[in-house]
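Reading the structure
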Amino acid sequence: MTTTLITTPTFGRFSPEPWEILDAAGSTAVRPHETRAMHADELLAGVPDADALIVGMDQVTAEVIEAGSRLRVIAKHGVGVDNIDLDAARARGIPVVFAPGSNSRAVAELTFGLMIAAARRIAAAHTAVVAGDWPKLYGPELAGRTLGIIGFGRIGRLLAGYAQAFGMTVLGYDPFLDDGELTERGVRPVGFSECLAASDFVSLHLPAEPGRPPLLDQRALRTMKQGACLVNAARGGLVDETALAELLHSGHLGAAALDAFATEPLTDSPLRTAPNLLLTPHIGACSHEANRDMGVMVAEDVARVLRGELPHHTAT
């Protein structure tokens, strides 16, 4: 028998299939006892007894990997693996598996919902009515507006289709793709600066590199259109949060919606008091369908490795 340490409390929440896959592989699942991810010291205490590790947003550092003397596979219950030290895993010969595409639709749908909610101030209207007020809050329609998508992978492509169905013009920036991959979807390829300056809405869909400064620093944010709306359902490290709050207070930016933050959960932050800002607690992947698909994909790859087979979806 082997042991799989599962640190993310959302694993298999809406489907028994991921648990059944591990059980069929003869691996005992050590389930999380908390409704939160494990802290670093908890990971260090639990990983020495684990043959497999399934994590969410936990920081899987080189120290954690080194402590896992029995580790044969690390799995990310999701898509982005920037919280896992891939070099340390590679040095130990430990494959890191993940679930590409499993939550793309969930994130794209939430992103589009955030765009509408931020533009039409839906959350503010709800809060006002609950408080006994009855304001008339105005905002722009999406039809006829321009959406700039930075990062044109699976999520960006889905979002482009939703925006086009609403009558939006879509610009795309992705330095890793040929222009033809955008134009064939009716998206106009542009450079980074033009994407920011020409868009009424800007949405981020790319990973954040640990240790790198924000892609949208104060200078980049200031190049956005007066009154534009920024949506980030990717990674918090992509945006200078202090600068964003300042530009919302000044009115240079009309609105913003964030589902990812530099530090999570969000603690003391200028974002809390910024106007016309919609905040959600990193729920982009929190659909029933995405939860099932993520769990099944990583459980199947963990089972393959534990059986001595090659995994299908590796980041290393």
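So, here is what we can say about the structure in this document.

Procedures and definitions
- Counting starts from 1 at the beginning of each chain's written sequence and moves along it residue by residue.
- In view of the model being predicted, local features appear only for residues whose pLDDT reaches at least 70, and side-chain atom pairs are presented and counted only at 80 or more, with totals across whole chains, interfaces and linings using the full set of residues.
- In computing side-chain properties, one takes all heavy atoms of the structure into account and sets aside hydrogens as well as water.
- Nine residue types can take part in a nonpolar core, namely buried Ala, Val, Leu, Ile, Met, Phe, Trp, Tyr and Cys, and a core is a set of them joined through side-chain atoms within 4.5 Å.
- Burial classification: accessible surface area is computed with a 1.4 Å probe over protein chains only, and a residue below 20% of its type maximum counts as buried, one above 50% as exposed, and the rest as partly exposed.
- Only runs of H or I of at least four residues qualify as helices and only runs of E of at least two qualify as strands under DSSP, and these elements are numbered from the N terminus.
- By the convention used here, residues are in contact when the closest approach between their heavy atoms is within 4.5 Å.
- Only strands joined by at least two bridges in the DSSP assignment are considered to pair.
- When the strands point away from the viewer, a crossover counts as right-handed if the path from the first strand over the helix to the second runs clockwise.
- Whenever a helix is involved, its axis is fitted only over the stretch in contact; in every case the axis is a line through C-alpha atoms, and angles between N-to-C directions fall within 0 to 180 degrees.
- In this analysis the probe radius is 1.4 Å and the grid spacing 1 Å, with only protein atoms considered; a cavity is a set of points the probe fits into but cannot get out of, a pocket is an open set with protein on both sides within 12 Å along at least five of seven lines, and lining residues have an atom within 4 Å of a point.
- Grid points are joined across faces, edges and corners, and a volume is the space filled by probe spheres set on the points.
- Lys, Arg, Asp and Glu make up the charged group, whereas Ala, Val, Leu, Ile, Met, Phe, Trp, Tyr, Cys and Pro make up the nonpolar group; the residues left over, Gly among them, are polar.

**Things to note about the nonpolar core**
In terms of nonpolar packing, the biggest core is built from 31 residues, with Leu230 and Leu244 touching the most fellow members. At the level of secondary structure, the elements contributing two or more residues to this core comprise α9 (192-198), β9 (201-204), α10 (218-222), β10 (228-232), α11 (241-250) and β11 (253-258). Not counting chain neighbours up to four residues away, the residues in contact with Leu230 comprise Val202, Leu204, Leu216, Leu221, Met224, Val239, Leu244, Ala255, Ala256 and Ala257. Counting residues in hydrophobic clusters, the runner-up holds 30 residues, among them Ala119, Ala160, Leu182 and Val187.

**Here we look at the pairing of strand β3 (residues 52-55)**
Burial along β3 is two-sided: Ala52 and Ile54 and Leu53 and Val55, pointing in opposite directions, are all buried. Pairing between strand β1 (residues 2-6) and β3: 3 bridges, direction parallel. Along β3, the bridge assignment pairs Thr4 with Ala52. One ladder, built from 4 bridges, connects β3 with strand β4 (residues 73-76); its direction is parallel. Looking at β4, one finds that Leu53 is bridged to Ile74. With helix α3 (residues 62-67) bridging β3 and its parallel neighbour β4, the resulting β-α-β unit is right-handed.

**With respect to the environment of Met38**
Of note, Met38 is situated in the loop between β2 (27-30) and α2 (40-46). The spatial distance from the C-alpha of Met38 to the C-alpha of Asp58 is 6.6 Å, given a sequence separation of 20 residues. With near-sequence residues (within four places) excluded, Met38 lies in contact with Leu5, Thr7, Leu43 and Asp58.

**Concerning the sheet that holds strand β6 (residues 146-150)**
On the basis of which strands lie adjacent, the open sheet formed by 7 strands has the order β8-β7-β6-β9-β10-β11-β12 and parallel pairing. Looking at which strands have only one partner, the edges of the open sheet turn out to be β8 (188-189) and β12 (277-279). Inspection of the sheet shows β11 paired to β12 by 3 bridges, in the parallel sense. Each bridged residue has a counterpart across the sheet, and for Leu258 the counterpart in β12 is Leu279. In the packing of α11 onto the sheet, the strands contacted are β10, β11 and β12, and the crossing angle to β11 comes to about 140°.

**Details of the layout of surface pockets**
In this structure, the second largest pocket encloses a volume near 210 Å³. Along its surface, the second largest pocket is lined by 17 residues, and Ala119, Pro140, Gly227, Gly254 and Ala255 are the ones closest to its centre. Contributions of two or more residues to the lining of the second largest pocket are made by α5 (104-120), β10 and β11. Residue composition of the lining of the second largest pocket, grouped by class: 8 nonpolar, 5 polar and 4 charged.

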